[in-house]
Structure formats: structure tokens, C-alpha cells
Amino acid sequence: MHRRTLLAGLTGLVSGLAATATTPAHAQSRRILHVRPGDSLQAAVDAVDGPGRTIVVHPGTYREVVNVSSDKGELTIRGASRDPRAVVLVFDNANGTPKPDGSGTYGTAGSATFTSAAPGLTVRDLTLANDWLRADHPEITGTQAVAAHVTGDRTHFDNVRLLAHQDTLFADTTALDAFDRQYFHRCYVEGDVDFVFGRGRAVFDACHFHTLQRDVNFAPKGMVFAPATARANPYGFLALRGRITSGAENAAYKIARPWVPTYETTAWPALVVRDTWIGPGIDAVTPYTNMRDAYPWQTMRFREHANSGPGAVISVPENRPQLTTEEAAAHTRRTYLGDWRPYGRP
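Residues numbered from 1 in each chain as written. Predicted model: local features only at pLDDT ≥ 70, side-chain atom pairs only at ≥ 80, totals over all residues. Heavy atoms only, no water.

## Details of the environment of Ala164
Inference 1: Along the chain, Ala164 falls in the loop between strand 11 (155-163) and strand 12 (169-171).
Inference 2: For Ala164 and Asp92, which are 72 residues apart along the polypeptide, the C-alpha to C-alpha distance reads 9.5 Å. (Helix = DSSP H or I, 4+ residues; strand = E, 2+ residues; numbered from the N terminus.)

See below:
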């Protein structure tokens, strides 16, 4: 399905409100900023003058790139409606998209529609999307097109839709030796290749991951996760109490492959998927694969526990390493997030 068609469907309930984002946001007070169609979300972010501010984004489609710098701590950005489809932030840069100033291409991180390095960021009740399409740009080989690139400790996404194809969500850290914590609750993430990736310590609680149909004649068509966890970090990605569905044929996708970047060859990717319903779109026999044969997935920290569904059937045990009950006790929201409790009481 073409992204632009999908976005049109998501925003049909607010059709006619979309506008170019060129004017400043309206300030109700120093602590609360309102962004309406015709305003710029980036202008509102730039106007934030202290910690603990809130930006309320009213229904509409905002076509712009937004960057939340590290000095905008404890910021909340939320949709005015509880329906995340009502507010859509979208742009269409890719890794290989040339920059307007001729200085090169954007690169993977630079392609992101939404970027944040702010500690204590909360984003809720809206959609972040990158609607760049491979079919529209056959001349571009760098096809990663990120919807959100997030770093900064204590980043919290709640009821957020993240839409793209390759590299949808870049859950990262501010530095190799920083173990930035991220919590995604009730989020929907879709894509086709490595669409949840990075070295962040990220918990995905009750999230829905959806693999797209992809017009290729090879398998696997893609992977959900591609963690790049630093070796010194005891925890990487934890997906629990969620589900994985697919718009592609059965067994077309893998759960994950490890990402060991060429610039960070000490990485030791870590992923735990537990208490999750896995649909038939995931290859149950061989659910993991390599990104590069020099770093086989079997040597990585990939584990599962108490999953269900047709994509979770264990027919070849060595292909699906499982946590014991005792080991599973060390892979919880509390152990990953420590003294930060965005989920309330344990």
C-alpha cells in the first residue's frame, strides 16, 4: 500500500485542516503552547523556554521536519484528541535524499521526520510518519526513511502511531556509553525492513508491530527489530504484552536480525520478546537471521518467553532460544527502566 494513500485514510476525519506549517504557534501561557493548522510545530518547540512545558497539537496534517534539542527537557507534545490519527506529522526525506544546499545526503538519522535528544520527553496521541517511497525514487539507493529518531534518557511515547517503510523507529542513545531509557506504551509501529532499530534501552509495552506487504520476489521480505545494543549495556529492546501482525503472506518476515554497525563493531545486540502474540506473517521455523555473517544472530542476546500465536510455534528449538522462568524475572519494565516508572505502580 502506498504511504500517501494510507495517510490520506488516517487523516480523512480531519480533511481540509491540513496546511503548510509556516507561522508561529499560539501561546496560551508560558507553560502551554497550542499548534493549529497553519502553524509550525517546530516554531512551538523553538519557543519552549523552560522545563515542564506542554505543546498541544490540534487536528490536522503538519508537513515539516521537527527537531527537539537536548535543552528542551521535560517537554510534553500531545495531540489535542485522544485519537492518534487526528494529528499527523509527516515528511519525506530518505537516507539518500540530496540536501538542498548541495552538502550531501541526509543519511539515516538525518532523514527522520521527528528527532529528539531531550531528556524526559513525552509524546502522546499523535502520528509520526515518513511517506518517502522507493517506487517514487528509483535513483536513490539509500532507502532508509525514518519517522522518529529518539535519544535522551526517559523518553516516553504513549498511544503514538509510527509509520514508514525501512527504519521507521530509530530508538537510539546520545552516546555509546549512555544507556538512555525509552518507554513505548500502546504504540503502533509499521514498516518492512529493520523498522525498530538502534542501541537504546527500550521497553515496548502493549505495542502493535505490523509488517507491510513489500513488492519483492525474495524472502525474507524484512525484519521487525534490528537492535544494536552496546556491549556494556545489560539491556536492549524488550517487547512485552504486544502483538505482531502482517499485511504480507505467511512466513514472509523475521522477528529480528542483529545490527553491528561498521562504526561500532563492539555492539552486542539484545532483544527479548515475551508474552506477545505473533501472527503467521513471522517465519516460525527460522524467526531470526543475520545482517552480516560475521555477526551471527546465535551469538547475540536474543531470547523469547511465553509467546503465543502461529508465529510463535517452537518446531526447531535451537532457532528460538527461550528464557527460563527465573531468567524472565530479570527482563521486566522495572529491571530495564530502574527508578524511572512511567508506567505507574509496578
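## What to know about the side chain of His156
Inference 1: With respect to the element layout, His156 can be found in strand 11.
Inference 2: Looking at His156, the relative accessible area reads 10%, which means it is buried.
Inference 3: With sequence-adjacent residues up to four places away left out, His156 is seen in contact with Leu121, Thr122, Val123, Tyr183, Trp340 and Pro342. (Buried < 20%, exposed > 50% of the residue type's maximum accessible area, 1.4 Å probe, protein only. Contact = heavy atoms within 4.5 Å.)

## Considerations on the pattern of salt bridges
Inference 1: Evaluation of the coordinates by the stated rule reveals 19 salt bridges.
Inference 2: Where Asp92 meets Arg63, a salt bridge forms, and the shortest distance between an N and an O atom there is 3.9 Å. Of the two residues, Asp92 is situated in the loop between strand 7 (87-91) and helix 3 (107-110) and Arg63 in strand 4 (residues 60-63); the sequence distance between them amounts to 29 residues.
Inference 3: Look at Asp92 and you get partly exposed, because its relative accessible area is 25%.
Inference 4: Arg63 sits in the partly exposed class, given a relative accessible area of 38%.
Inference 5: Ionic pairing is found between Arg85 and Asp83, a salt bridge with its closest N-O pair at 3.1 Å.
Inference 6: Looking at Arg85, the relative accessible area reads 39%, which means it is partly exposed.
Inference 7: Residue Asp83 is classed as buried on the basis of its relative accessible area, which comes to 19%.
Inference 8: Because the salt bridges share partners, they merge into one network encompassing Arg63, Asp92 and Asp131. (Salt bridge = Lys/Arg side-chain N within 4 Å of Asp/Glu carboxyl O.)

## Brief notes about the nonpolar core
Inference 1: The biggest cluster of nonpolar side chains holds 58 residues, and the ones touching the most others in it are Ile55, Ile77, Phe114, Phe157, Phe204, Phe209 and Phe225.
Inference 2: The contacts of Ile55, once residues within four sequence positions are left out, are Leu33, Val35, Leu41, Ala44, Val45, Val48, Leu75, Thr76, Ile77 and Arg78. (Core = buried A, V, L, I, M, F, W, Y, C linked by side-chain atoms within 4.5 Å.)

## Examining the pairing of strand 17 (residues 208-211)
Inference 1: Residues of strand 17 alternate between two faces, with His208 and His210 on one and Phe209 and Thr211 on the opposite face, all of them buried.
Inference 2: Here four bridges tie strand 14 (residues 188-191) to strand 17, and the two strands are oriented parallel to one another. Bridge pairing in strand 17 places Glu190 opposite His210.
Inference 3: Sheet topology places strand 17 next to strand 20 (residues 243-246); four bridges connect them, and they run parallel. Residue Phe209 lies in a different strand from strand 20, and its bridge partner there is Ile244. (Pairing = 2+ DSSP bridges.)

## Some thoughts on the side chain of Asn95
Inference 1: Inspection of the secondary structure puts Asn95 in the loop between strand 7 and helix 3.
Inference 2: Those residues within four positions of Asn95 in sequence are excluded, and the remaining contacts are Thr105, Tyr106, Gly107, Thr108, Ser111, Gly142 and Gln144.

## Observations regarding the layout of surface pockets
Inference 1: In this structure, the second largest pocket encloses a volume near 210 Å³.
Inference 2: Forming the walls of the second largest pocket are Thr108, Gln144, Gln166, Asp167, Phe170, Asp194, Phe197, Ala226, Arg257, Trp259, Tyr263 and Met291.
Inference 3: In terms of residue class, the lining of the second largest pocket is made up of six nonpolar, three polar and three charged. (1 Å grid on protein atoms, 1.4 Å probe; cavity = no way out; pocket = protein on both sides within 12 Å on 5 of 7 lines; lining within 4 Å. Points joined across faces, edges and corners; volume = space filled by probe spheres on them. Nonpolar A, V, L, I, M, F, W, Y, C, P; charged D, E, K, R; others polar.)

## Section: the sheet that holds strand 15 (residues 196-198)
Inference 1: Judged by pairing direction, the sheet is parallel, and its seven strands sit side by side in the order 5-8-10-12-15-18-21 without closing on themselves. Both outer strands of the open sheet, strand 5 (66-68) and strand 21 (253-256), are each paired with one neighbouring strand and no more. Strand-to-strand twist of the sheet, defined as the mean angle between neighbouring strand axes without regard to direction, takes the value 15 degrees.
Inference 2: Sheet analysis places strand 18 (residues 222-227) next to strand 21, joined by three bridges and oriented parallel. (Axes fitted to C-alpha atoms, helices over the stretch in contact; angles between N-to-C directions.)

## Section: the confidence of the model for the protein
Should the pLDDT be low somewhere, the predicted coordinates at that spot are not to be read in detail.
Inference 1: When pLDDT is averaged along the protein, the result is 92, and 91% of the positions lie at 70 or above.
Inference 2: The least confident element of the protein is strand 1 (residues 26-27), whose mean pLDDT is 46; the most confident is strand 22 (residues 270-274), at 99.
Inference 3: Note that pLDDT drops below 50 for residues 1-6; the model gives that stretch 16 contacts with residues more than four away or on any other chain.
Inference 4: Within the model, the stretch residues 8-29 combines pLDDT values under 50 with 45 contacts to residues more than four positions away or in other chains. (pLDDT = per-residue confidence, 0-100.)

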